[in-house]
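In case you want the letters, here they are:
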Amino acid sequence: MTEYDEPSSRPTTLELWLASNTTFPGHVAQRLHLIIAILLVASHTASAAPCQFESQGEGRVVAIVDARSVRLDDGREIRLAGIEPTATTKQALASLLAGRDVTLRGSDDTPDRYGRQGAVLFIGESDTPVQAMLLAQGDAMVSAEITDKDCAAALMTSEAEARRQKKGSWADPSAIKNAESPDDILAGIGRFVVVEGKVLSVRQAGAMTYLNFGRNWTRGFAATISKRTLPAFESAGITLKSMESKRIRVRGWVEGSTGPRIDVRLVGQVELLGANEPTGVRP
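Remember, it's a predicted structure, so these values are computed and weren't measured experimentally.

So, the overall build of the chain
Each helix and strand in the chain was counted, giving seven helices and 15 strands. Taking all 283 residues of the chain together, 40% fall into the buried category. A fraction of 62% describes how many contacts in the chain between residues 6 or more apart in sequence connect residues 24 or more apart. Accessible area of the chain: about 15,300 Å², with a carbon and sulfur share of 53%.

Here it is, written out as structure tokens:
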């Protein structure tokens, strides 16, 4: 069974054996059933642990290169996939990883243009990603680059819990930008930010679709989605027009000159919010 297979509904050998031995006293049988249930839950939980991609090897962290990169004792430089750093990420990385043995997992070990190997990191025998630890502490933000649905959901849940408890960077009220304040968003040009607001209109111009959050299209905040990205939204069952009048959360790099823009290239960059939901708390 792979990491993401559904647990089998067939009875286990132990369950069949117990069912056939009806001569046990009731309290003994009840206790055995309880033990079996605990073992099955533990087994299914372990098999469903998220982000268990193919192994990319192991190593010991000998240096924290920057806010999301570490160097191993074999010389490899590893970039933590799936997160964007905050002001506290590098210090948190040092606390978590300096001198620690780690396991690397990922779907592609091809180095990026800077020679860094992207990976999900695990400390020792832990099945909790280092990325999830950083997110749960409020020491990083989800980048949405990991498209595996189970891993992406686990990372987003870790971030949401930190937002809920106002941990780390989420303690700052300005950590989530208001789509109705375009100048505030534009001040973060060139940086990765999270924006929340109501989509006032959805317009298509050429090969680009605009989710407009302001009535002044040239100065208001907008999320842009190119035609080549549409199939990914369609596969996820999302039609862009359906976002009109909806409250959403968008994350990405701020671009623009007169009005701020975020170019949405991945479905995970957009989250639909509940109508009465407080800002910043959705898993």
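That covers the picture; the talk isn't over yet.
Description of the environment of Ile123
Topologically, Ile123 is positioned in strand S6 (residues 116-123). Here Ile123 falls in the buried class, since its relative accessible area comes to 10%. Residues Ile123 and Asp101 lie 22 residues apart in sequence; the distance between their C-alpha atoms is 6.1 Å. Setting aside anything within four residues of it in sequence, one finds Ile123 in contact with Leu96, Leu97, Arg100, Asp101, Val102, Val130 and Met133.

Thoughts on the packing of aromatic side chains
This structure, assessed with the given rule, holds two aromatic pairs. Judged by centre distance (5.8 Å) and plane angle (80°), the rings of Phe192 and Trp253 are edge-to-face. Pair noted here: Phe192 is in strand S9 (residues 192-198) and Trp253 is in strand S13 (residues 247-255), with a separation of 61 residues, a long-range link. Note on Phe213 and Phe221: the rings are 5.0 Å apart at their centroids and 45° apart in plane angle, and the pair reads as tilted. No difference in accessibility class separates Phe213 from Phe221, as the two residues are buried. Its guanidinium or amino end placed over the ring of Trp170, Arg163 lies 5.8 Å from that ring's centre, counting from NZ or CZ.

Notes on the pattern of salt bridges
Any two side chains of opposite charge can pair if their charged atoms end up close together. The tally for this structure, following the rule as stated, stands at 17 salt bridges. A salt bridge links Arg249 to Glu196, with the nearest nitrogen and oxygen atoms 2.7 Å apart. In this pair, Arg249 is assigned in strand S13 and Glu196 in strand S9, connecting sequence segments 53 residues apart. We note that Arg249, like Glu196, is buried.

Side note on the nonpolar core
Residues Val70, Leu97, Leu121, Val130 and Leu134 are the most contacted members of the largest nonpolar core, which totals 30 residues. The dominant element in this core, judged by the number of residues it contributes, is S6, at five residues. If near-sequence neighbours (up to four positions away) are discounted, Leu97 is found in contact with Val61, Ile64, Val70, Val102, Leu121, Ile123 and Val130. Counting residues in each nonpolar core, the second largest holds 20 residues, with Val193, Leu211, Met243 and Ile262 among its members.

Some words on the confidence of the model for the chain
Residues of the chain with pLDDT of at least 70 account for 80%, and the chain-wide mean is 85. Here residues 1-24 scores under 50 on pLDDT; set against residues more than four positions off or in separate chains, the count is 26 contacts. This model gives residues 26-47 a pLDDT under 50, and the stretch forms 13 contacts once residues within four places in sequence are excluded.

Here's the deal with helix H3 (residues 89-97)
By the burial criterion, the buried members of H3 are Thr89, Ala92, Leu93, Leu96 and Leu97. Buried positions in H3, seen along its axis, are confined to an arc of 105° and lie on one side of it. Projecting away from the buried face of H3 at angles above 90 degrees are the exposed residues Gln91 and Ser95. The positive-phi residue at the C-terminal boundary of H3 is Gly99, with phi of around 75°.

Cut-offs and rules
Residues numbered from 1 in each chain as written. Predicted model: local features only at pLDDT ≥ 70, side-chain atom pairs only at ≥ 80, totals over all residues. Heavy atoms only, no water. Helix = DSSP H or I, 4+ residues; strand = E, 2+ residues; numbered from the N terminus. Buried < 20%, exposed > 50% of the residue type's maximum accessible area, 1.4 Å probe, protein only. Contact = heavy atoms within 4.5 Å. Areas by Shrake-Rupley, 256 points an atom, 1.4 Å probe, with all protein chains shown as cover. Phe/Tyr/Trp six-rings, centres within 6.5 Å; stacked < 30°, edge-to-face > 60°. Lys NZ or Arg CZ within 6 Å of the ring centre and 35° of its normal. Salt bridge = Lys/Arg side-chain N within 4 Å of Asp/Glu carboxyl O. Core = buried A, V, L, I, M, F, W, Y, C linked by side-chain atoms within 4.5 Å. pLDDT = per-residue confidence, 0-100. Arc of directions from axis to C-beta.

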